[in-house]
Amino acid sequence: MARKLMLQGTMSNVGKTLLTAGLCRILRQDGYVVMPFKAQNMSLNSCITADGSEISRAQVLQAEAAGAEPTADMNPLLLKPTGLTGSQVILQGHVLENMTAADFYRRKAEFLPSILESFRRLEKQADILLIEGAGSPVELNLRKDDLVNMGFAEQVDAPVLLIGDIDPGGVFAQLLGTLELLAEEERARVKGLIVNKFRGDRALFEDGVRILEERSGLPVVGVVPYMDLALSDEDSMSERLRGRSRLSGSNAKEQETYGFETQSEGSAVFDIAVIRYPRISNFTDFDVFDAWPDMSIRYVTHPAELGNPDLLILPGSKNTMADLTWMRETGMDRAVLAYAKHGPVFGICGGYQMLGETIDDPWNVEQGGIIEGLRLLETDTVLETDKTQGRREGVIDDSLYGALRCLRGCRVSGYEIHMGRTVLVISSDVAKSLQGTVLYEEHSIYGTYLHGFFDAPEVIPALRRSLAIGRGITLPEPEAVDFAAFKEREYDRLAEVLRSSLDMKKIYEILDV
């Protein structure tokens, strides 16, 4: 039977996902078969597993760090918000139904058998299971039928490490206040505290460690430094969405201490702008650009921020019609149309749908009715109740002729997750299906349903050549970049920092291995 350890946080965005991934890598390096698990995740960043199941990107990241094949059992319950009060509920990798928040909380006890079924299957395959909690374990109004924090820890009898985020301040209130609000039996499960995202001289926090240990009666098993890592973030709180994703080179202390090879702000040649609408999904599609020093990704929310990038991307959206309405309300639609007169525009999934003439929602998948698109592509999309999800691969058509024509013949692979069917409008009564088309183009306007499009080894070198031609510059051919190997180095970097800042001896004692 697998040993278990659960990582809970004092609130969202304290770093549970990356700490779990880092411990997965350390345990793997130490010779253990380790697997991640998160009973319930709420995220718009999802991925398709080898068997066609949909799970959160966070658990894919952790599985990669553990050297394990991602499966739906690692994230048996995924909630994908469709608005302010509802979510699409995905159970063991497949859509169950859309639910309001009230319906979900009324019915959530129904999901526990499936969650435990998934957990028990993983228990038989691993030496150690690392379990990630969600949000805070002391949302007192949500404690009943808890599926993902202390309620689940009790179900599987898991010890807990509690993580606080010192970066915004208030870490003492976070950690000690959380412990104070736990029931006595819940508090007994907590075996240690972690202070995460510490900036500066660790020696200056010795008094902080002493105070936490004296007041809690628990060991502080680590003070983890703030880290810049080119690894997938989980949700809309991601710091990537607040500006550049480029490792800036500003963290000189980390570079000096840990030997990190950071990238200079001035090294970027190509500027790629991504529209950040309120319901942006799968922005992990752009993680691969972190491996290319001359490619810069930035996220824009207002027309004044757009400027004149080399490429404009409309990413995925969990509610395409609502985000298209947001674009019209903010003036982003006009900014896109103005840019499209001289620059290439690339739409992925929901962004692809927005570029067409109309989006029709006859079954109320999103909000019902018909909405006019940006009319940059002669396509129509009908939203359907059946979800398309699966892995795909293909070759980009040799007839590509626009600004990104160097992509011709590139082999691509990735996954599709969408509710719509897009067709090419031939005439008022004739349409041509674009099913199976890897990349569709009209006059330097591009659309694809393929998430992970840019990850394929041939794509970014070809994109780089295309953008250089558009700029009228000549650049030397870059060294080949293996994105999978790049991520492996990032996981090893993460593990290196955690080994130096966590008391691994104590953590192994808690694991009882």
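The structure this text deals with has already been given above.
Residues numbered from 1 in each chain as written. Predicted model: local features only at pLDDT ≥ 70, side-chain atom pairs only at ≥ 80, totals over all residues. Heavy atoms only, no water.

Draft legend 1. Structural context of the overall build of the protein. Within the protein one finds 16 helices and 25 strands. Over its C-alpha atoms the protein spans a radius of gyration of 23 Å, differing by no more than 12% from the 24 Å that the globule rule assigns to 513 residues. Judged by the C-alpha coordinates and their principal axes, the protein covers about 70 × 50 × 40 Å. Taking all 513 residues of the protein together, the buried fraction comes to 59%. Across the protein, the fraction of contacts at a sequence separation of at least 24, relative to all contacts at a separation of at least 6, is 74%. Entry remark: accessible area of the protein is about 20900 Å², with carbon and sulfur atoms responsible for 49%. Side-chain charges of the protein comprise 54 positive and 76 negative groups, with the mean position of each set lying 1 Å from the other. (Helix = DSSP H or I, 4+ residues; strand = E, 2+ residues; numbered from the N terminus. Rg over C-alpha atoms; globule rule 2.2 N^0.38 Å. Buried < 20%, exposed > 50% of the residue type's maximum accessible area, 1.4 Å probe, protein only. Contact = heavy atoms within 4.5 Å. Areas by Shrake-Rupley, 256 points an atom, 1.4 Å probe, with all protein chains shown as cover. Lys, Arg positive; Asp, Glu negative; His and termini not counted. Charge placed at Lys NZ, Arg CZ, Asp CG, Glu CD.)

Draft legend 2. Representation of the pattern of salt bridges within the structure. Taken as a whole and assessed by the stated rule, the structure comprises 38 salt bridges. The partner of aspartate 73 in a salt bridge is arginine 121, and the shortest N-O contact between them spans 2.8 Å. Separated by 48 residues along the polypeptide, aspartate 73 in the loop between helix 2 (57-66) and strand 6 (77-81) and arginine 121 in helix 4 (residues 112-123) bring together distant segments of the chain. Judged by its relative accessible area of 12%, aspartate 73 falls in the buried class. Salt bridges linked by common partners bring Arg25, Arg28, Glu488 and Asp492 together as one network. (Salt bridge = Lys/Arg side-chain N within 4 Å of Asp/Glu carboxyl O.)

Draft legend 3. Structural detail: the packing of aromatic side chains. For the structure shown, the criterion picks out 16 aromatic pairs. Where phenylalanine 104 meets phenylalanine 111, the ring centres are 5.6 Å apart and the plane angle is 20°; that geometry is what we call stacked. Residue phenylalanine 104 is classed as buried on the basis of its relative accessible area, which comes to 5%. Their ring planes at 80° and their centres at 5.4 Å tell us that phenylalanine 119 and phenylalanine 152 sit as a pair that is edge-to-face. Pair noted here: phenylalanine 119 is in helix 4 and phenylalanine 152 is in helix 5 (residues 150-156), with a separation of 33 residues, a long-range link. Members of the aromatic cluster, joined through ring pairs, are Phe286, Phe289, Phe346, Tyr446, Phe453 and Phe454. (Phe/Tyr/Trp six-rings, centres within 6.5 Å; stacked < 30°, edge-to-face > 60°.)

Draft legend 4. Local environment of the environment of tyrosine 449. When you line up the elements, tyrosine 449 lands in the loop between strand 25 (445-448) and helix 14 (459-471). Note on tyrosine 449: relative accessible area 9%, which makes it buried. Distance from tyrosine 449 to valine 438, taken between C-alpha atoms, is 7.5 Å for residues 11 residues apart in sequence. Ignoring sequence-local partners within four residues, the contact set of tyrosine 449 consists of Cys349, Tyr352, Gln353, Thr381, Tyr415, Glu416, His418, Gly420, Arg421 and Thr422. In terms of polar contacts, tyrosine 449 uses its side chain to reach the side chain of glutamine 353, at 3.0 Å. (Polar contact = N/O pair within 3.5 Å; in protein donor to acceptor, adjacent residues only side chain to side chain.)

Draft legend 5. Structural detail: helix 16 (residues 504-511). The set of residues buried in helix 16 consists of Met504, Ile507, Tyr508, Ile510 and Leu511. Taken end-on, helix 16 shows its buried residues confined to a sector of 155°, consistent with a single buried face. At the C-terminal side of helix 16, aspartate 512 shows a positive phi close to 60°. (Arc of directions from axis to C-beta.)

Draft legend 6. Region of the structure containing the state of the cysteines. One pass over the structure, following the stated rule, counts zero disulfides. Here cysteine 349 is not disulfide-linked; the sulfur of cysteine 47 is the nearest cysteine sulfur, at 13 Å. Owing to a relative accessible area of 7%, cysteine 349 belongs among the buried residues under this scheme. (Disulfide = S-S within 2.5 Å.)

Draft legend 7. Summary view of the packing of helix 6 (residues 171-181) against helix 8 (residues 206-216). Two elements in contact, helix 6 and helix 8, have axes separated by 11 Å at closest approach and are oriented at 10°. By the criterion of interaxial angle, the relationship of helix 6 to helix 8 is roughly parallel. Residues Phe172, Leu175, Leu176 and Leu179 of helix 6 lie in contact with helix 8, whose contacting residues are Gly208, Ile211, Leu212, Arg215 and Ser216. (Axes fitted to C-alpha atoms, helices over the stretch in contact; angles between N-to-C directions. Parallel < 35°, antiparallel > 145°, perpendicular 65-115°, else oblique.)

Draft legend 8. Main features of the nonpolar core. Grouped together as the largest cluster of nonpolar side chains are 82 residues, with contacts concentrated most on Leu77, Phe111, Phe152, Val190, Leu193 and Phe205. Considering every element that reaches this core, the biggest residue donor is helix 1 (residues 16-29), with six residues. In terms of nonpolar packing, the next biggest core, distinct from the first, is built from 73 residues, Val288, Leu376, Leu407 and Leu467 among them. (Core = buried A, V, L, I, M, F, W, Y, C linked by side-chain atoms within 4.5 Å.)

Draft legend 9. Examining unusual backbone geometry more closely. Residue asparagine 13 is not a glycine yet carries a positive backbone phi of 70°. For asparagine 13, the position within the fold is in the loop between strand 1 (3-9) and helix 1. Judged by its relative accessible area of 29%, asparagine 13 falls in the partly exposed class. Phi angles above zero are rare outside glycine, and aspartate 145 is one such case at about 60°.

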